[in-house]
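Read off the chains here:
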Amino acid sequence: MSTPSPRIVTVAAAQLGPIARGESRAAVVARLIALLHRAHARGATLVVYPELALTTFFPRWFMADQAEIDGFFETEMPGPDTRPLFREAARLGVGFYLGFAELTREGGRTRRFNSAILVDGQGGVVGRYRKVHLPGHREHEPWRAFQHLEKRYFEPGEQGFPVWDAFGGRVGMCLCNDRRWPETYRTMALQGAELVLLGYNTPLHYPPVPQHDHLQGFHNHLVMQAGAYQNGTWVVGVAKAGREEGCDLLGQSCIIAPTGEIVAQCATVGDEVIVHDVDLARCDEIKRNVFNFALHRRPDQYAGWCG
């Protein structure tokens, strides 16, 4: 069997340190642009930012005032605050993935999603993803050290896990808790995904099952590495990390090969960039062999147990 010619896209994982509740969008965007410059200087043509990269992780607070809640959302993308990032990325010819809180009007009603966009090297939006697997709870639970109210502040995405032709390959997106579910990766792999981009905000403390706190880092890498290997795809997972408003967030941003190996990983819980030359052709090492879907899968035996 001939070896496919390399198809290289140089990818940067741009981890963020904590964002204070009172930190302005302009200040955060300036940090994103600084990371963009560092990535570009190392040859990156695609930069991956975290989930909810423009604000602090606001679902940790119970808020009754909808106007206060909506202050964390973006009504357009790009908007006045994010346009400098789009302009600078386009000037440099670098694309990016960006997680943010999306507020939109659809079907005559206001809707709110935990979203991410994929932007090409010319500043054009290639695709938009809305988080499917919302974790946490809906009602106020004051016994917790902090809340996790994603189910209260967001609707779950209804568009599944699409894949886009971009950066010379097939690119999919997901967000945080999506990474824990095997269907996330498999759905994209069945559409030919070669590169999965995901941002996360993951507390080190899990109030309902605190005895698992010491496993947060292990579980983070476990699910992403398994998703990469079992589906023959690259995975880039990027954190907002560090002690943010009294809550410790996991770092460990990493780039994972289709073999499941971590090929680059952040060493801090602050603003940091790691870069790797991602060869999309390496997906064939898995997809033509151990996980050759057409040859080895038995979907006729799965249907009765799925869904």
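Residues numbered from 1 in each chain as written. Predicted model: local features only at pLDDT ≥ 70, side-chain atom pairs only at ≥ 80, totals over all residues. Heavy atoms only, no water.

Caption draft 1: Local environment of the overall build of the protein chain. Of regular secondary structure, the protein chain possesses eight helices and 14 strands. Taken against the 2.2 N^0.38 rule, which gives 19 Å for 307 residues, the C-alpha radius of gyration of the protein chain at 19 Å falls within 12% of a compact globule. When its C-alpha atoms are laid out on the principal axes, the protein chain stretches across 60 × 50 × 45 Å. Within the protein chain, the proportion of its 307 residues that are buried is 53%. Long-range contacts, defined as pairs at least 24 residues apart, comprise 71% of the intrachain contacts of the protein chain with a sequence gap of at least 6. (Helix = DSSP H or I, 4+ residues; strand = E, 2+ residues; numbered from the N terminus. Rg over C-alpha atoms; globule rule 2.2 N^0.38 Å. Buried < 20%, exposed > 50% of the residue type's maximum accessible area, 1.4 Å probe, protein only. Contact = heavy atoms within 4.5 Å.)

Caption draft 2: Structural detail: the nonpolar core. Counting 46 residues, the largest nonpolar core has L195, L197, M224, W234, V235, V236 and I255 as the members making the most contacts within it. Counting 29 residues, the second largest nonpolar core, distinct from the first, contains A12, L36, M77 and V119. (Core = buried A, V, L, I, M, F, W, Y, C linked by side-chain atoms within 4.5 Å.)

Caption draft 3: Quick look at the sheet that holds strand β3 (residues 95–106). Reading across the sheet, the six strands line up as β5-β4-β3-β2-β1-β14 and stay open at both edges, with mixed pairing between neighbours. Edge positions in the open sheet fall to β5 (125–130) and β14 (272–279), since each of these has one partner strand only. Strand after strand, the sheet turns through a mean of 35° between neighbouring axes, direction not considered. Of the strand pairs in this sheet, strand β4 (residues 109–119) and β5 are connected by five bridges, and their pairing is antiparallel. (Pairing = 2+ DSSP bridges. Axes fitted to C-alpha atoms, helices over the stretch in contact; angles between N-to-C directions.)

Caption draft 4: Expanded view of the pattern of salt bridges. Enumeration over the complete set of coordinates arrives at 25 salt bridges. With a closest N to O distance of 2.8 Å, R112 and D70 form a salt bridge. Of this pair, R112 sits in strand β4 while D70 sits in helix α2 (residues 66–70), and the two are 42 residues apart along the sequence. Judged by its relative accessible area of 18%, R112 falls in the buried class. In this structure D70 comes out as partly exposed when scored by relative accessible area, which is 22%. With its nearest N and O atoms 2.7 Å apart, the salt bridge here joins R130 to E106. Here R130 is found in strand β5, whereas its partner E106 is found in strand β3, with 24 residues between them in sequence. (Salt bridge = Lys/Arg side-chain N within 4 Å of Asp/Glu carboxyl O.)

Caption draft 5: Just the environment of V132, in detail. In this structure, V132 sits in the loop between β5 and α4 (150–153). A relative accessible area of 22% means that V132 is categorised as partly exposed. When the C-alpha positions of V132 and S115 are compared, they lie 9.5 Å apart, and in sequence the two are 17 residues distant. Not counting residues within four places of it along the chain, the set of residues in contact with V132 comprises P156, G157, G160, F161 and D178.

Caption draft 6: Layout of the packing of aromatic side chains. Taken as a whole, this structure holds nine aromatic pairs when the rule is applied. When the centroid spacing of 6.2 Å and the interplanar angle of 65° are considered together, the rings of Y49 and F96 count as edge-to-face. Here Y49, found in the loop between β2 (46–48) and α2, pairs with F96, found in strand β3; they are 47 residues apart in sequence, far enough to count as distant. The two residues Y49 and F96 agree in class, both being buried. (Phe/Tyr/Trp six-rings, centres within 6.5 Å; stacked < 30°, edge-to-face > 60°.)

Caption draft 7: Just the packing of helix α1 (residues 25–41) against helix α3 (residues 83–92), in detail. Where α1 contacts α3, the axes come no closer than 10 Å and their chain directions differ by 10°. The orientation of α1 relative to α3 falls into the category roughly parallel. For the pair formed by α1 and α3, the contact residues are V29, L32, I33, L36, H37 and H40 on the first element and P84, L85, E88, A89, R91 and L92 on the second. Its residues assigned to classes, the contact of α1 with α3 comprises eight nonpolar, two polar and two charged. (Parallel < 35°, antiparallel > 145°, perpendicular 65-115°, else oblique. Nonpolar A, V, L, I, M, F, W, Y, C, P; charged D, E, K, R; others polar.)

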